[in-house]
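Here's the letter readout for the chains.
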Amino acid sequence: MAIKQHMKQWLYATTVVVSASATTSAWAEDAHSYAKLDEVSTPHLELDLTIDFDAKQLRGTATYDLLRHGDASQLHLDTRELSIQKTEIWVDGAWQETAHQLGDEHESLGQELTISIGEESEKVRIHYATAPTASGLQWLTPEQTKSKKFPFMFSQSQPIHARSWMPIQDTPALRLTYDAKLHTPKGMLAVMSANNSLSPERNGEYTFSMPQPISPYLIAIAAGELEVKSISDNVAVFAEPYIIDDAAWEWADTPAMITATEAMYGPYRWDRYDLLVLPPSFPFGGMENPRLSFITPTVVSGDRTLINLIAHELAHSWSGNLVTNASWRDMWLNEGFTSYVENRIMEALFGERRAVMEQALGYQDLLDDMSRLAPKDTVLNIELGTRHPDDVFSNVPYVKGQLFLMYLEEKFGRETFDSFLRQYFDDFAFQSISTAQFKEYLARNLLAKHPNVVSMDKVNEWIHQPGLPEDAPKPASDAFAQVEKQMQRWLKGGQLETADWTTHEWLHFINSLPLDISSVNMKRLDEQFQFTQSSNAEIAHAWLKLSITKDYEPARERLRNYLLTIGRNKLVSPLYRELAKTPENLKWAREVYQQAKPGYHPLTQTVNEALLYPEK
Ligand SMILES: [Zn+2]
């Protein structure tokens, strides 16, 4: 056991030293972390935590292996709102208490924790507890779950929230493996972004191991009344009982998605790929926690039309989890590549027509975002300073990044570009890289091998200039052109032929309705297609947004209910933003918000309070 442990350490030590020389500059550039990886890094973590639902608190220890790159005698960690009880170092075969210090609190970065580690110690152990307000955790009471039997809790560590539930070198430039022990009340199941048992005994004691080095923002935890249902040999769904069968049905194509992605970009390297359904308050569509993606229930639509979200989270197993952005300024390396791969998976499984519709919907979202963003925030390699990455979250790294890769594919041809990408995933597997490293790699392995196709000036325009280059792809769908033709006919009193329309066509239809549409026509549509009562969360969202603009009163109660029951930020914040435009609607929105707030995730609260209470 001890020898094995030692070998493992040695193995990852080598990995880290190699990437240390390659990414020293990237390490120095992460403005969102106090870690000094070039002095000491932490290649392995052991967590031992009690999940205390009454106190809304995680409590226990985080133990790190230390890897020294010089003769530094201090370890620098990130924390936010943590109580640090005691710090120890492992010296001469025993734990020995050591000094630590918490720095001043920074609004977006939290507090630096500095621990004296002496010259010789190989490990450090921190005894700590989280705050009930930890920004990376959400705690739901039993009443806030469907069956109301057990409480539920989950983490969302990306981008810089891991530090709110463990002291950690919270930079994506770090890669570490982890083991964990979790203690919960009996009858509940805890899961992590690690190896999860498919037939767990719910005795309140759970152990996990993540043997592949990942970045801190990918460490994830959840606990609740969870059941397991297998979709295939290597894919299973974890969910509360009320939704487990529906989710397993909805995502039946996941194994085929894995096969399709492997054919394009090389092997899936994470053993199993499981999916966890979170409560409706989960602030994102999905989070690509390795081996166990966390997914919003709002994409369980009953018609399998929103499964591009699963393709997206799966794609992160290559772009993001395997090859990782070294800082949040490089986020487009995660999200742009993933949006591109997601769309290629959708094309492989469902054909070009659907893939292009999804491109066109994403393109429209990008244009909407770009119209309200400051030009400097439409740059791929964005200048963040120490602004919180959540404050500048937009479609830019996703869709502009995707358009850049589509542009490269168009210029070099699919075959050439696919083999370039496949090699890229191989060459940087289990490494964190910066935009500068990517550019250097692109110049050497694509541009130079096929001269006079795309210039470095053009690449720099894409990566460092605001807006879109003039010759950027402009995805347009024939199917959507047909929808627009039909709409024109309908506005003049004709009928709609919608028998073969999917969610995509409906979304485009609603989003393209003229803003001066009459209330008579709103009512006519609603009566015929029941948009106000749509159980498809995306269609309901698009309709409710329009209903605010149009003061369409019959949708008001549904809007209230929607805002009270869904906490996915992409679905609620555009509605609050629209409501904030008139004093009367703003007053109404604040009332609803105050009622909804206890059920919202801290992140959803922060974003929407900025919209509803801008003076704060
Ligand atoms: Zn993503």
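Computed from a predicted model, the values in this text were never measured in an experiment.

Draft legend 1. The sheet that holds strand β5 (residues 94-98), seen in detail. Spatial strand order, β5-β4-β8-β2-β1-β11-β13: seven strands in an open sheet with mixed pairing. Among the strands making up the open sheet, the edge pair consists of β5 and β13 (205-214). With strand direction ignored, the average angle separating the axes of adjacent strands in the sheet is 20 degrees. Bridge count for strand β11 (residues 176-183) against β13 is seven bridges, and the pairing is antiparallel. Among the inter-strand pairings, L176 is bridged to a residue of β13, identified as I214.

Draft legend 2. Looking closely at the pattern of salt bridges. Under the counting rule described, the total for this entry stands at 31 salt bridges. For K123, the salt bridge goes to D65, with nearest N and O atoms at 3.2 Å. Here D65 lies in strand β2 (residues 57-68) and K123 lies in strand β8 (residues 123-129), a separation of 58 residues in the sequence. Of the two residues, K123 and D65, both sit in the buried class. Of the charged contacts in the structure, one is a salt bridge between R344 and D418, with a shortest N-O distance of 2.8 Å. Separated by 74 residues along the polypeptide, R344 in helix α5 (residues 331-350) and D418 in helix α8 (residues 414-427) bring together distant segments of the chain. For the pair R344 and D418, one class covers both residues: buried. Overlapping salt bridges, with partners in common, bring together R344, E347, E409, R414 and D418 in one network.

Draft legend 3. Focus on the sheet that holds strand β3 (residues 74-79). Spatial ordering of the open sheet is given by β3-β7-β6, a layout of three strands whose pairing is antiparallel. With one partner strand each, in any of the chains shown, β3 and β6 (100-102) form the two edges of the open sheet. Between one strand axis and the next, the sheet turns by 20 degrees as a mean value, whatever way the strands run. Sheet topology note: the β6/strand β7 (residues 111-116) ladder contains three bridges and is antiparallel.

Draft legend 4. Broad picture of the confidence of the model for the protein. For the protein, the average pLDDT comes to 94, and 95% of its residues sit at 70 or higher. Across residues 1-26, confidence stays below pLDDT 50; counting only partners more than four residues off in sequence or on other chains, it has 22 contacts.

Draft legend 5. How the structure looks around the coordination of the zinc ion. The zinc ion binds to the protein through H312 (NE2), H316 (NE2), E335 (OE) and E335 (OE); the donor distances cover 2.0 to 2.8 Å. Here the zinc ion is ringed by four donor atoms whose angles at the metal span 52 to 152 degrees, and the overall shape comes out irregular. Sequence spacing of the donors to the zinc ion: H-x3-H-x18-E. With a relative accessible area of 8%, H312 lands in the buried category.

Draft legend 6. Inspection of unusual backbone geometry at higher detail. P159 follows Q158 through a cis peptide bond whose omega is -5 degrees. Of note, P159 is situated in the loop between β10 (152-155) and β11. Located in the positive-phi region is N452, a residue other than glycine, with phi close to 65 degrees. Within the secondary structure, N452 sits in the loop between α9 (435-447) and α10 (456-464). At Q530, a residue that is not glycine, the phi angle is positive and equals roughly 50 degrees. Of note, Q530 is situated in the loop between α13 (519-529) and α14 (537-549).

Draft legend 7. Just the nonpolar core, in detail. If you look at the biggest cluster of nonpolar residues, it comprises 145 residues, and the most contacted ones within it are W251, F404 and Y424. Looking at which element gives the most residues to this core, the answer is helix α7 (residues 396-412), with ten residues. With residues up to four places along the chain from it excluded, the contact list for Y424 reads V323, L333, F337, I433, F438 and Y441. Of all hydrophobic cores here, the second largest spans 48 residues; its members include F480, W490, L546 and W588.

Draft legend 8. Broad picture of a negative patch on the surface. Among the surface-exposed residues, D71, D92, E119, E120 and E122 lie close enough to one another that they form a single negatively charged patch. The topology assignment puts E122 in the loop between β7 and β8. With a relative accessible area of 47%, E122 lands in the partly exposed category.

Draft legend 9. Here's a closer look at the side chain of N325. With respect to the element layout, N325 can be found in strand β20 (residues 323-325). For N325, a relative accessible area of 0% corresponds to the buried category. For N325, the contacting residues outside a window of four places in its chain are P172, Y217, D330, M331, L333, N334, S432 and I433.

Draft legend 10. Layout of the packing of aromatic side chains. Counted by the stated rule, this structure contains 39 aromatic pairs. With centroids separated by 5.8 Å and ring planes inclined at 55 degrees, the aromatic side chains of F284 and F393 adopt a geometry described as tilted. Linking F284 in the loop between β17 (274-277) and β18 (286-287) with F393 in the loop between α6 (352-372) and α7, this pair joins segments that are 109 residues apart in sequence. Assessed through its relative accessible area of 17%, F284 is described here as buried. Aromatic pair W506 and F531: ring centres 5.4 Å apart, planes at 75 degrees, arrangement edge-to-face. Of this pair, W506 sits in helix α12 (residues 503-512) while F531 sits in the loop between α13 and α14, and the two are 25 residues apart along the sequence. Of the two residues, W506 and F531, neither departs from the other in class, the shared state being buried.

Draft legend 11. Looking closely at the layout of surface pockets. When its volume is computed, the second largest pocket comes out at roughly 820 Å³. Lining the second largest pocket are 32 residues, and of these K146, Y242, P280, T565 and I566 lie nearest its centre. Elements represented by at least two residues in the lining of the second largest pocket include exactly α15 (556-565) and α17 (583-596). Across the lining of the second largest pocket, the residue classes tally to 15 nonpolar, eleven polar and six charged.

Draft legend 12. Focus on the pairing of strand β16 (residues 236-239). With burial as the criterion, each face of β16 is covered, one bearing A236 and F238 and the other bearing V237 and A239. Of the strand pairs in this sheet, strand β15 (residues 227-230) and β16 are connected by four bridges, and their pairing is antiparallel. By the bridge assignment, K229 is partnered in β16 with V237. In terms of strand pairing, β16 meets β17 through two bridges, oriented parallel. Among the inter-strand pairings, V237 is bridged to a residue of β17, identified as L275.

Conventions we followed
Residues numbered from 1 in each chain as written. Predicted model: local features only at pLDDT ≥ 70, side-chain atom pairs only at ≥ 80, totals over all residues. Heavy atoms only, no water. Pairing = 2+ DSSP bridges. Helix = DSSP H or I, 4+ residues; strand = E, 2+ residues; numbered from the N terminus. Axes fitted to C-alpha atoms, helices over the stretch in contact; angles between N-to-C directions. Salt bridge = Lys/Arg side-chain N within 4 Å of Asp/Glu carboxyl O. Buried < 20%, exposed > 50% of the residue type's maximum accessible area, 1.4 Å probe, protein only. pLDDT = per-residue confidence, 0-100. Contact = heavy atoms within 4.5 Å. Donors = N, O, S within 2.8 Å, 3.2 Å for Na, K, Ca; no water. Tetrahedral: all angles 85-135°; square planar, octahedral: opposite > 155°, others 65-115°. Core = buried A, V, L, I, M, F, W, Y, C linked by side-chain atoms within 4.5 Å. Patch = residues over 30% accessible without salt bridge, like charges linked within 9 Å, V, L, I, M, F, W, Y side chains within 5 Å. Areas by Shrake-Rupley, 256 points an atom, 1.4 Å probe, with all protein chains shown as cover. Lys, Arg positive; Asp, Glu negative; His and termini not counted. Charge placed at Lys NZ, Arg CZ, Asp CG, Glu CD. Phe/Tyr/Trp six-rings, centres within 6.5 Å; stacked < 30°, edge-to-face > 60°. 1 Å grid on protein atoms, 1.4 Å probe; cavity = no way out; pocket = protein on both sides within 12 Å on 5 of 7 lines; lining within 4 Å. Points joined across faces, edges and corners; volume = space filled by probe spheres on them. Nonpolar A, V, L, I, M, F, W, Y, C, P; charged D, E, K, R; others polar.

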